[in-house]
Amino acid sequence: MVGLCCWAELLMIASQIGRMKNASGGVSPPPTLTVNITTDQTNYNLFTAAGSPGTAKTVVVNISSGVYIRASSTGNNAFDEGNGWATGTTITINNSGNIIGMGGAGGAGGNQLYTDLPVAGNNGSAGGTALRLTAPTSIANASGAIFGGGGGGGGGSGCYARGDDGESSVLV
């Protein structure tokens, strides 16, 4: 014999499933959530900006022309969909703006003192991520741009040259 408590739970689940069905008996899509980005943003997190929804959504993001979404460092994503989206969530990004990862730092130049041999400069560092996707996503980018941050250039070599008299020297 099934207890009253179990029947109540089954009725509640059946009621929720019934609400999800549309008029033709199929399952309705999740409700649509539209996010319009009309001003420049730094380290943008969509999940947070959308209010951290706890149920599945059909999310439509519209990024206006002329808007720049940037990262403040190579360790941050310019646009991050964020973690925590419910199963069944889908995201569409309509990008007419610019999503740009941070460029890497240039390498230090070679430091040569008291040697006739050239000293190579150091490598630059890697650039950052422009766009991090965490849910099923489609992107319409016909008039927008998405650029990962480029790596920093390498530093130049140092050179120590002797003067004509063989004694004086110049660091170049």
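Read on for a plain summary of the structure. (Residues numbered from 1 in each chain as written. Predicted model: local features only at pLDDT ≥ 70, side-chain atom pairs only at ≥ 80, totals over all residues. Heavy atoms only, no water.)

1. Describing the packing of aromatic side chains
Okay, step 1: Scanning all chains against the criterion turns up two aromatic pairs.
Okay, step 2: On the basis of an interplanar angle of 35 degrees and a centroid distance of 5.3 Å, the ring pair of Y44 and F79 is categorised as tilted. Within this pair, whereas Y44 is found in strand β3 (residues 44-45), its partner F79 is found in strand β6 (residues 79-80), the two being separated by 35 residues in sequence.
Okay, step 3: Since its relative accessible area comes to 9%, Y44 is described here as buried.
Okay, step 4: A residue is classified by how much of its surface remains accessible, and F79, at 0% relative accessible area, is buried. (Phe/Tyr/Trp six-rings, centres within 6.5 Å; stacked < 30°, edge-to-face > 60°. Helix = DSSP H or I, 4+ residues; strand = E, 2+ residues; numbered from the N terminus. Buried < 20%, exposed > 50% of the residue type's maximum accessible area, 1.4 Å probe, protein only.)

2. Examining unusual backbone geometry
Okay, step 1: The backbone phi angle of N43 is positive, close to 55 degrees, even though this residue is not glycine.
Okay, step 2: Note that N43 resides in the loop between β2 (41-42) and β3.
Okay, step 3: Classification of N43 by relative accessible area gives partly exposed; the value is 29%.
Okay, step 4: For S52, which is not a glycine, the phi torsion comes out positive at approximately 50 degrees.

3. What to know about the sheet that holds strand β5 (residues 68-70)
Okay, step 1: The parallel open sheet is built from four strands, whose spatial order is β2-β5-β8-β11. Bordering the open sheet on either side are β2 and β11 (145-147), each of which pairs with just one other strand.
Okay, step 2: Bridge count for β5 against strand β8 (residues 98-100) is three bridges, and the pairing is parallel. Bridging from a neighbouring strand, R70 pairs with I100 of β8. (Pairing = 2+ DSSP bridges.)

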